[in-house]
Amino acid sequence: MKKKTYAFRHKNEVLLESSSGGAFTALANVIISRGGIVFGACFDKELNVVHKKAETIEECFKFRGSKYIQSSMTGVYIQIKECLENGRIVLFTGTPCQIKAVKNYCNKNSINIDNLVLVDIICHGAMRPDVWQKFRQWIEGKHHSRIVHINFRYKKTRWHSYPIHIEFENGKVLTNTFDARRFNELFFSSIALLNGCYK
């Protein structure tokens with residue numbers, strides 16, 4: 001049996017707001033329109049990367065964009081279980097190891113996965129959260145302000161070089177400066193990835 005592979009991308013402004021082709025937003029739209037729930041990775045108020053659920057397409061916007069840091073899955077497995085048991089369609093997006101973990105959890109707990117849609121990213125690896133926190137402490141200390149927004153793949157300038165964009169509470173903005181690039185260079189060097197990424 002031949003397997004088919006499809007590639008697609010958005011034609012509108014969603015493309016600029018996404019890290020790559022906007023596939024996630026297209027899929028999320030379909031799931032939400034059918035009364036489903038979407039799980040994805042986002043930044044919380046403290047700029048920790050966490051998995052959350054969304055029930056509207058507006059809530060899904062926070063899941064757009066690359067995070068590069070391992071997300072916390074605290075409470076997510078139980079929420080997926082409850083949604084599936086209530087007959088909801090569930091879209092879960094994450095790294096391949098997170099997809100495997102969701103599959104294992106559902107199998108171990110005999111959860112019917114007919115309504116579960118799993119989408120994994122093509123994964124370079126995930127940065128350890130403690131490295132992200134140390135980088136934040138360093139750059140916030142150097143620029144005397146707290147980060148309020150960060151984009152690891154900023155498309156408004158030469159996107160193919162993976163520019164990084166950081167906005168601070170005091171109004172300062174760094175776009176692909178020497179300081180800002182330290183994190184992306186550390187990530188792409190692979191020296192601070194989780195040990196599990198090599199197994």
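Residues numbered from 1 in each chain as written. Predicted model: local features only at pLDDT ≥ 70, side-chain atom pairs only at ≥ 80, totals over all residues. Heavy atoms only, no water.

With that out of the way, let us pick up the pattern of salt bridges. Pairs may arise between side chains of opposite charge once their charged atoms sit close together. Tallied over the full model, the rule gives seven salt bridges. The shortest N-O distance in the salt bridge between Glu85 and Lys81 comes to 3.1 Å. Of this pair, Glu85 and Lys81 both sit in helix α4 (residues 76-85), separated by four residues, roughly a single helical turn. Residue Glu85 is classed as exposed on the basis of its relative accessible area, which comes to 52%. Where Arg128 meets Asp130, a salt bridge forms, and the shortest distance between an N and an O atom there is 2.9 Å. Judged by relative accessible area, which is 32%, Arg128 ranks as partly exposed. Each of Arg181, Arg182 and Glu185 takes part in one network of salt bridges that share partners. (Salt bridge = Lys/Arg side-chain N within 4 Å of Asp/Glu carboxyl O. Helix = DSSP H or I, 4+ residues; strand = E, 2+ residues; numbered from the N terminus. Buried < 20%, exposed > 50% of the residue type's maximum accessible area, 1.4 Å probe, protein only.)

Before going further, it helps to spend a moment on the pairing of strand β3 (residues 90-94). Counting buried residues along β3, five of its five residues qualify, which places the element largely inside the surrounding structure. Side chains of β3 alternate between two faces, with Val90, Phe92 and Gly94 and Leu91 and Thr93 buried alike. Note that strand β1 (residues 37-43) and β3 share three bridges and pair parallel. Following the sheet pairing, Phe39 is matched in β3 by Phe92. Bridge count between β3 and strand β4 (residues 116-120): five bridges; the pairing is parallel. Paired with Thr93 across the strands is Val119, a residue of β4. (Pairing = 2+ DSSP bridges.)

Between its first and last C-alpha atoms helix α6 (residues 129-142) spans 20 Å; for 14 residues at 1.5 Å apiece the expected length is 20 Å, and the two agree. Listing the buried residues of α6 in full gives Val131, Trp132, Phe135, Arg136, Ile139 and Glu140. One side of α6 carries all its buried residues, which in axial view fall inside an arc of 155 degrees. Of the residues in α6, the exposed ones pointing more than 90 degrees away from the buried face are Lys134 and Gln137. Those residues of α6 hidden inside the fold are in contact with β1, β5 (147-151), β6 (165-168), β7 (173-175) and α7 (178-189). Of the residues flanking the end of α6, it is His144, one or two places downstream, whose phi is positive at about 55 degrees. (Expected span 1.5 Å × (residues − 1). Arc of directions from axis to C-beta. Contact = heavy atoms within 4.5 Å.)

A separate point is the packing of aromatic side chains. With the rule as written, the count across this model stands at 14 aromatic pairs. For the ring pair Phe24 and Phe63, a centre distance of 6.1 Å and an interplane angle of 75 degrees mean the geometry is edge-to-face. Here Phe24, found in helix α2 (residues 23-33), pairs with Phe63, found in the loop between α3 (57-60) and α4; they are 39 residues apart in sequence, far enough to count as distant. Owing to a relative accessible area of 18%, Phe24 belongs among the buried residues under this scheme. For Phe63, a relative accessible area of 7% corresponds to the buried category. Seen from the ring of Phe178, Arg182 lies directly overhead, with NZ or CZ sitting 3.7 Å from the centre. (Phe/Tyr/Trp six-rings, centres within 6.5 Å; stacked < 30°, edge-to-face > 60°. Lys NZ or Arg CZ within 6 Å of the ring centre and 35° of its normal.)

Let us look at the environment of Leu194. Residue placement: Leu194 occurs in the segment after α7. For the pair Leu194 and Gly87, spaced 107 residues apart in sequence, the C-alpha to C-alpha distance is 35 Å. Those residues in contact with Leu194 that lie beyond four places of it in its chain are Gln70, Ala126 and Arg128.

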